[in-house]
Every structure is written in structure tokens, then in C-alpha cells.
Amino acid sequence: MKVSILIDQLTGKYRVAVRGKLLNDESVSAWSSWFIIPVNNYIEAGSFGPYPVREVEWIEINPFVVEVIGRLIKPRIHSFEQEIREALEVAEVRFEFVELVFRVYL
């Protein structure tokens, strides 16, 4: 399975945020709540793209989702860390866990 397809499936299933870094750029994009594959070999998110996959160094996935309940009620934090780790390992994707996020190399 292609890495970008797996990321698309994970963001759709768990509604986790993603951000990316281009090969020739030092800056990292802002976090985005959606990730898609608009056409073959291209990726896009709310904060970057569309870019050819060959120009993207990595995509980070934040496995924690904050659910705001109300102004006076403490938000709930949902962790999908185990589910995402298992999916990446099963797909034999090259990744590392850096500062509480998964960095997935394309």
C-alpha cells in the first residue's frame, strides 16, 4: 500500500491532524484537519499542497484529538496512538515517533 493512501485512510477514520514538510523547504506547514490525494502521485491538506509526492519529505500525524465539550467543561482528549502505530507497522511504513507525533517518511 502506498504511504499517502494509508495516511488518507488514517485521517479519514480517526479525524487526526496532519502537517507536512517539503524536501527543499526548511519550514513545516500548519496543522490541518484533512488530507486527500486529489490525483495520482499528489497529496494535499488544508494547510499545504497540492504537491507531488516526490517533493514531500515527510508527513506528521498527531494521534491526539481534542474534543471541546463546552466553555466550562474540560475538553476530552482521545488518543489514537496505538491504532496508528499498529497500522503503520503492519504496512511496513518508515516512521518515527517524535515529540508525541508520528513522522511518516514518503
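An account of the accompanying structure is given in this report.

### So, the nonpolar core
Consideration 1: With 22 residues, the main nonpolar core has Ile7, Phe35, Ile59, Ile61, Ile84, Leu88 and Val104 as its most contacted residues.
Consideration 2: In terms of residue count, the dominant contributor to this core is helix α1 (residues 3-14) (five residues).
Consideration 3: With residues near it in sequence (within four places) discarded, Ile59 still touches Ile7, Val18, Arg19, Gly20, Phe35, Ile43, Phe48, Phe102, Arg103, Val104 and Leu106.

### Digging into the packing of α1 against helix α2 (residues 81-90)
Angle between the axes and distance between the axes: these two values describe a pair of packed helices.
Consideration 1: The contact between α1 and α2 brings their axes to 11 Å, and the two run at 160°. What the angle tells us is that α1 and α2 run roughly antiparallel. Our pair here, α1 against α2, has a crossing hand that is right-handed. Two secondary-structure elements touch here, α1 through Leu6, Leu10 and Tyr14 and α2 through Glu83, Ile84, Ala87 and Leu88.

### So, the sheet that holds strand β2 (residues 35-36)
Consideration 1: The antiparallel open sheet is built from three strands, whose spatial order is β2-β3-β4. The outermost strands of the open sheet, each flanked by one partner alone, are β2 and β4 (48-52).

### Points about the environment of Phe35
Consideration 1: As for its position among the elements, Phe35 is in strand β2.
Consideration 2: Each C-alpha atom of the pair Phe35 and Gly12 lies 8.0 Å from the other, and the pair is 23 residues apart in sequence.
Consideration 3: Apart from the residues within four sequence positions on either side, Phe35 is in contact with Ser4, Ile7, Asp8, Thr11, Val18, Ile43, Glu44, Ala45, Phe48 and Ile59.

### Things to note about the pairing of strand β9 (residues 101-105)
Consideration 1: With five of five residues buried, β9 lies mostly within the body of the structure.
Consideration 2: Covered by surrounding structure in β9 are Val101, Arg103 and Tyr105 together with Phe102 and Val104, the residues of both alternating faces.
Consideration 3: Where strand β5 (residues 56-62) lies against β9, four bridges are found, and the strand directions are antiparallel. Across the sheet, residue Ile61 finds its bridge partner in β9, namely Phe102.
Consideration 4: With four bridges joining them, strand β8 (residues 95-98) and β9 adopt antiparallel strand pairing.

### So, a nonpolar patch on the surface
Consideration 1: Together, Val66, Val68 and Ile77 line one region of the surface with nonpolar side chains, adding up to about 330 Å² of accessible area.
Consideration 2: By the element assignment, Val68 lies in the loop between β6 (64-67) and β7 (76-79).

About the criteria used
- Residues numbered from 1 in each chain as written.
- Predicted model: local features only at pLDDT ≥ 70, side-chain atom pairs only at ≥ 80, totals over all residues.
- Heavy atoms only, no water.
- Core = buried A, V, L, I, M, F, W, Y, C linked by side-chain atoms within 4.5 Å.
- Buried < 20%, exposed > 50% of the residue type's maximum accessible area, 1.4 Å probe, protein only.
- Helix = DSSP H or I, 4+ residues; strand = E, 2+ residues; numbered from the N terminus.
- Contact = heavy atoms within 4.5 Å.
- Axes fitted to C-alpha atoms, helices over the stretch in contact; angles between N-to-C directions.
- Parallel < 35°, antiparallel > 145°, perpendicular 65-115°, else oblique.
- Left-handed = near helix turned anticlockwise from the far one by under 90°.
- Pairing = 2+ DSSP bridges.
- Patch = residues over 30% accessible without salt bridge, like charges linked within 9 Å, V, L, I, M, F, W, Y side chains within 5 Å.
- Areas by Shrake-Rupley, 256 points an atom, 1.4 Å probe, with all protein chains shown as cover.
- Salt bridge = Lys/Arg side-chain N within 4 Å of Asp/Glu carboxyl O.

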